[in-house]
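# Structural overview
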Amino acid sequence: GVLEEIWVVVSVVVAIVLGILLGSFWALLIGEMVRVVLVVALGYVIAPFRPAFRFARSAAKDLWAYGKHIYASNVFLFLLLQGDYLIVLRMLSGQDTLLGNYWFGRRTAQLPALLMAGLVSRVSFPAYARMGKNRERVGQAYLRVMMFTASYAWPVALGMACMAPVIPLYAGPEWRFIVLPLQ
């Protein structure tokens, strides 16, 4: 919800400020760590229940039997969505600042889609739930939502790709790294 968007904005602002102050890729890592710490801390503040830290072997066995395929799917999805970083890191070998530039450009390119997805899911999922078990109605609503989202996403993506080369002209030559990930 709104908190997720606040966490993203705070982590990006922290990363930018630390990037200016430190001039190092570590600013990006610290920005992401700030986001994770905020999520955990606010989770403990907001959630009424406190988890106990103990290991139950039988529960772990049941959970693994149920979730091993989900786990494998998530590992595959992680590699699919984050694998480009491994490729870029290998290609840049030791040029950490360029990897940080690539991360920042990619994250900037993803931001409109992430914000839109958050907004759409907050509105659409409760609407789907109200439709109940009427699968045909839910399916039609889902298709309308996807068509609306695509009609928003394509022009934004195209606009970002077209405007990317202009960014260094206005923001300065140090922003040239953002052009390729935005395109």
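Residues numbered from 1 in each chain as written. Predicted model: local features only at pLDDT ≥ 70, side-chain atom pairs only at ≥ 80, totals over all residues. Heavy atoms only, no water.

### Considerations on the overall build of the protein
Worth spelling out the cut-off: The numbering of helices and of strands both runs from the N terminus, where a helix is a DSSP run of H or I of at least 4 residues and a strand a run of E of at least 2. The globule rule used here is 2.2 Å times the number of residues to the 0.38 power, and the radius of gyration it is set against is calculated over C-alpha atoms. Exposure classes here rest on a 1.4 Å probe applied to the protein chains alone. A residue is buried below 20% of its type maximum, exposed above 50%, and partly exposed in between. Contact criterion: two residues are considered in contact whenever any of their non-hydrogen atoms come within 4.5 Å of each other. Neither His nor the chain ends is counted toward charge; the positive residues are Lys and Arg and the negative residues Asp and Glu. Note that the charge is assigned to NZ on lysines, CZ on arginines, CG on aspartates and CD on glutamates.
Scanning the protein for helices and strands turns up seven helices and zero strands. Going from N to C terminus, the protein has its helices and strands arranged as α-α-α-α-α-α-α. The C-alpha radius of gyration computed for the protein amounts to 20 Å, which surpasses the reference 16 Å derived for 183 residues by more than 25%, pointing to a less compact arrangement than a globule. C-alpha atoms of the protein, sized along the principal axes, occupy 55 × 45 × 35 Å. Counting the 183 residues in the protein, one finds 21% classified as buried. Within the protein, counting contacts between residues at least 6 apart in sequence, those at least 24 apart form 49% of the total. In the protein, 16 side chains carry a positive charge and 8 a negative one; their mean positions are 10 Å apart.

### Some details on a nonpolar patch on the surface
Short version of the rule: Like charges within 9 Å and nonpolar side chains (Val, Leu, Ile, Met, Phe, Trp, Tyr) within 5 Å are joined into patches, using only residues over 30% in relative accessible area that form no salt bridge. Residue exposure ignores everything except the shown protein chains as possible cover, and the areas themselves are Shrake-Rupley values with a 1.4 Å probe. The term salt bridge refers to a side-chain nitrogen of Lys or Arg lying within 4 Å of a carboxyl oxygen of Asp or Glu.
Together, Val-9, Val-13, Val-17, Leu-21, Leu-22, Trp-26, Leu-29, Ile-30 and Met-33 line one region of the surface with nonpolar side chains, adding up to about 840 Å² of accessible area. Of all the elements in the fold, those that place two or more residues in the nonpolar patch are α1 (2–22) and α2 (26–46). Among the elements that make up the nonpolar patch, the one with the highest residue count is α1 (five residues). Note on placement: Met-33 falls in helix α2.

### So, helix α5 (residues 135–163)
Since the α-helix advances by 3.6 residues per turn, residues separated by three or four positions end up pointing in the same direction. Cut-off, in case you're wondering: Expected helix span is taken as 1.5 Å per residue step, with the number of steps being one fewer than the number of residues.
Along its 29 residues, α5 runs 41 Å from first to last C-alpha, staying within 8% of the 42 Å computed at 1.5 Å per residue. Along α5, the positions that sit buried rather than exposed are Ala-141, Val-145, Thr-149 and Met-160.

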